[in-house]
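A closer look at the structure
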Amino acid sequence: MAIYATRMLGFTVAAICIALSTGCGQQAHWYPIESAVVGADGRTITAIILTSEPAPDGTSCQVVTSKQVSETSNQVVIGVEARNECEPRFPWEEGIATLSIGYQREVRFDLNNPLNGRQIIDRATQQVVPRF
């Protein structure tokens, strides 16, 4: 009986998280891209997102869950989706406090065709990404 009650509680919590559409903690979202560097071949873009600084062992609260690139004749749209693993999973749990203090994290994108003057657009903000 206790196992059944525990399972029902778990299903109820999951259903509530899904029903609220924002879900519980640790939801991935699209990070703004601060800048980009285009490789000499024109087919490689290294995007910079800002996250919190990694721990001394190299682990980071922000985990990249997806990256997206979409090419048209006049623009390239890039996006980086990440999840904060330090956020609490449920509203009643305590998470680890982390501040996004501006640690630059690089994410690489490979294009099908050279950039050749096309604009780079950030999927998160729909703004032109500054190039350096």
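These remarks concern the structure in this document. Note that this is a predicted model, so its numbers are computed, not measured.

Counting secondary structure elements, the protein chain contains one helix and seven strands. Written out in order from the N terminus, the α and β elements of the protein chain read α-β-β-β-β-β-β-β. Taking all 132 residues of the protein chain together, 27% fall into the buried category. Here the analysis covers contacts within the protein chain between residues at least 6 apart in sequence; of these, 68% occur between residues at least 24 apart. Here the protein chain displays about 8,700 Å² of accessible surface, and carbon together with sulfur accounts for 54% of that area.

The next point concerns the pattern of salt bridges. If charged atoms from side chains of opposite charge come close, those side chains can pair. A complete count under the given rule lists three salt bridges for this structure. Among the salt bridges present, the one from Arg-118 reaches Glu-71, with a minimum N-O distance of 3.1 Å. Separated by 47 residues along the polypeptide, Arg-118 in the loop between β6 (103-110) and β7 (119-122) and Glu-71 in strand β4 (residues 62-71) bring together distant segments of the chain. When the shortest N-O distance is used, the salt bridge between Arg-83 and Glu-85 registers 2.7 Å.

Attention now moves to the sheet that holds strand β3 (residues 44-51). Pairing in this open sheet of three strands is antiparallel, and the strands run β2-β3-β6 from one edge to the other. Taken across any chain shown, the strands that pair with only one partner, and hence form the sheet edges, are β2 (35-38) and β6. Averaged over all pairs of adjacent strands, the angle between strand axes in this sheet comes to 25°, irrespective of strand direction. Summarising the sheet, β2 and β3 pair through four bridges and their orientation is antiparallel. Each bridged residue has a counterpart across the sheet, and for Val-38 the counterpart in β3 is Ile-45.

Every other side chain in a regular strand lies on the same face of the sheet, so the side chains alternate between the two faces. Among the ten residues in strand β5 (residues 75-84), eight count as buried, and that is most of the element. Pairing between β4 and β5: nine bridges, direction antiparallel. Along β5, the bridge assignment pairs Val-63 with Arg-83. What sits between the antiparallel neighbours β4 and β5 is a turn of three residues.

Even without being a glycine, Asn-116 presents a positive backbone phi close to 45°. Residue placement: Asn-116 occurs in the loop between β6 and β7. With a phi angle near 60°, Gln-126 is a residue other than glycine that sits in the positive phi range. Take Gln-126: it is sitting in the segment after β7.

The rules behind each value
- Residues numbered from 1 in each chain as written.
- Predicted model: local features only at pLDDT ≥ 70, side-chain atom pairs only at ≥ 80, totals over all residues.
- Heavy atoms only, no water.
- Helix = DSSP H or I, 4+ residues; strand = E, 2+ residues; numbered from the N terminus.
- Buried < 20%, exposed > 50% of the residue type's maximum accessible area, 1.4 Å probe, protein only.
- Contact = heavy atoms within 4.5 Å.
- Areas by Shrake-Rupley, 256 points an atom, 1.4 Å probe, with all protein chains shown as cover.
- Salt bridge = Lys/Arg side-chain N within 4 Å of Asp/Glu carboxyl O.
- Pairing = 2+ DSSP bridges.
- Axes fitted to C-alpha atoms, helices over the stretch in contact; angles between N-to-C directions.

By themselves, these are just geometric observations and shouldn't be taken as functional.
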